[in-house]
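Structural characterization, general
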Amino acid sequence: YTLGREAGLEWYCQPRNGFRFGLKGQAYTGVCPAPSEPAFLQAWSAGKEIHAAEYEVRRLDRILGVNQDQLDSLIGDRELTENELVQRGTTWQRRAELLLELRELEETVTMVENEIYEIESAISRERARLLALRQNAGHWETAGQTSRR
């Protein structure tokens, strides 16, 4: 049993495996022996950081989609309000109400457009960070490989 466990840990605790497990978001349970643990943990942390950055990009993309849908809805509401405003049978009192609604819609449209800009900026920054993380982590894919003959 002990020999099998040691052989399994020798395979498991290679840095390239730590990196792969980190990329998948898997937890590390502290099983690696002291000599191999530092390199394993360094690779696992690099993979985990990439996993977290990928998750953040997906999260921001979802938020962006919600905001874009909201903006589309607001623009549609604005068009309906503008159409009613210029219709022939609209009373002056109703036109005054519609003008107030249009002002509020414009303020909300501007707010959502600003949010979209901020989210797009955050996505851009996170994608650049993710690219840098991936470039810096390339060596972990092959780290610790030994040739088997």
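In case you missed it, the structure is sitting above this.
Calculation criteria
- Residues numbered from 1 in each chain as written.
- Predicted model: local features only at pLDDT ≥ 70, side-chain atom pairs only at ≥ 80, totals over all residues.
- Heavy atoms only, no water.
- Helix = DSSP H or I, 4+ residues; strand = E, 2+ residues; numbered from the N terminus.
- Rg over C-alpha atoms; globule rule 2.2 N^0.38 Å.
- Buried < 20%, exposed > 50% of the residue type's maximum accessible area, 1.4 Å probe, protein only.
- Axes fitted to C-alpha atoms, helices over the stretch in contact; angles between N-to-C directions.
- Parallel < 35°, antiparallel > 145°, perpendicular 65-115°, else oblique.
- Left-handed = near helix turned anticlockwise from the far one by under 90°.
- Nonpolar A, V, L, I, M, F, W, Y, C, P; charged D, E, K, R; others polar.
- Core = buried A, V, L, I, M, F, W, Y, C linked by side-chain atoms within 4.5 Å.
- Contact = heavy atoms within 4.5 Å.
- Disulfide = S-S within 2.5 Å.
- Phe/Tyr/Trp six-rings, centres within 6.5 Å; stacked < 30°, edge-to-face > 60°.
- Lys NZ or Arg CZ within 6 Å of the ring centre and 35° of its normal.

1. Here we look at the overall build of the protein
- Within the protein, the regular secondary structure consists of four helices and zero strands.
- Sequence-ordered secondary structure for the protein, helices as α and strands as β, is α-α-α-α.
- Computed over the C-alpha atoms, the radius of gyration of the protein is 27 Å, more than 25% above the 15 Å expected from 2.2 N^0.38 for a compact globule of 149 residues.
- Considered along the principal axes of its C-alpha atoms, the protein spans approximately 90 × 30 × 25 Å.
- Taking all 149 residues of the protein together, 32% fall into the buried category.

2. Points about the packing of helix α3 (residues 37-86) against helix α4 (residues 92-137)
- At a minimum axis distance of 8 Å, the contact between α3 and α4 shows a crossing angle of 160°. Viewed along their axes, α3 and α4 adopt a mutual orientation that is roughly antiparallel. The handedness of the crossing between α3 and α4 comes out as left-handed.
- Residues that form the contact of α3 with α4 fall into these classes: 23 nonpolar, five polar and 19 charged.

3. A look at the nonpolar core
- Of all hydrophobic cores here, the largest spans 11 residues; its members are L60, L64, L71, L74, L105, V109, V112, I116, I119, A122 and I123.
- Within the residue set of this core, elements represented by two or more residues are α3 and α4.
- If one sorts the elements of this core by residue count, α4 sits on top with seven residues.
- Ignoring anything within four residues of it in the chain, the contact list for L74 reads L105, T108, V109 and V112.
- Counting 10 residues, the second largest nonpolar core, distinct from the first, contains A46, I50, A53 and W140.

4. Here's the deal with the state of the cysteines
- Scanning all chains against the criterion turns up one disulfide.
- The disulfide partner of C13 is C32, and the gap between their sulfur atoms is 2.2 Å. Residues C13 and C32 are joined through a disulfide that is left-handed, its torsion about the S-S bond being -100°. Placement of the pair is C13 in the loop between α1 (2-12) and α2 (15-23) and C32 in the loop between α2 and α3, with a sequence separation of 19 residues.

5. What to know about the side chain of E126
- Here E126 is to be found in helix α4.
- Taking the relative accessible area as the measure of exposure, E126 reaches 14% and is therefore buried.

6. Considerations on the environment of E6
- As for its position among the elements, E6 is in helix α1.
- The sequence separation of E6 and C32 amounts to 26 residues, and the corresponding C-alpha distance is 9.6 Å.

7. A word on the packing of aromatic side chains
- For the structure shown, the criterion picks out four aromatic pairs.
- When the ring of Y12 is compared with that of F21, the centres are 4.9 Å apart and the planes differ by 25°; the resulting orientation is stacked.
- F21 gets classed as buried once you look at its relative accessible area, which sits at 15%.
- When the ring of Y28 is compared with that of W44, the centres are 6.4 Å apart and the planes differ by 50°; the resulting orientation is tilted. In this pair, Y28 is assigned in the loop between α2 and α3 and W44 in helix α3, connecting sequence segments 16 residues apart.
- For Y28, a relative accessible area of 17% gives the class buried.
- Among the residues examined, W44 registers a relative accessible area of 17% and is labelled buried.
- Sitting over the ring of W92, R95 keeps its end group 5.3 Å from the ring centre.

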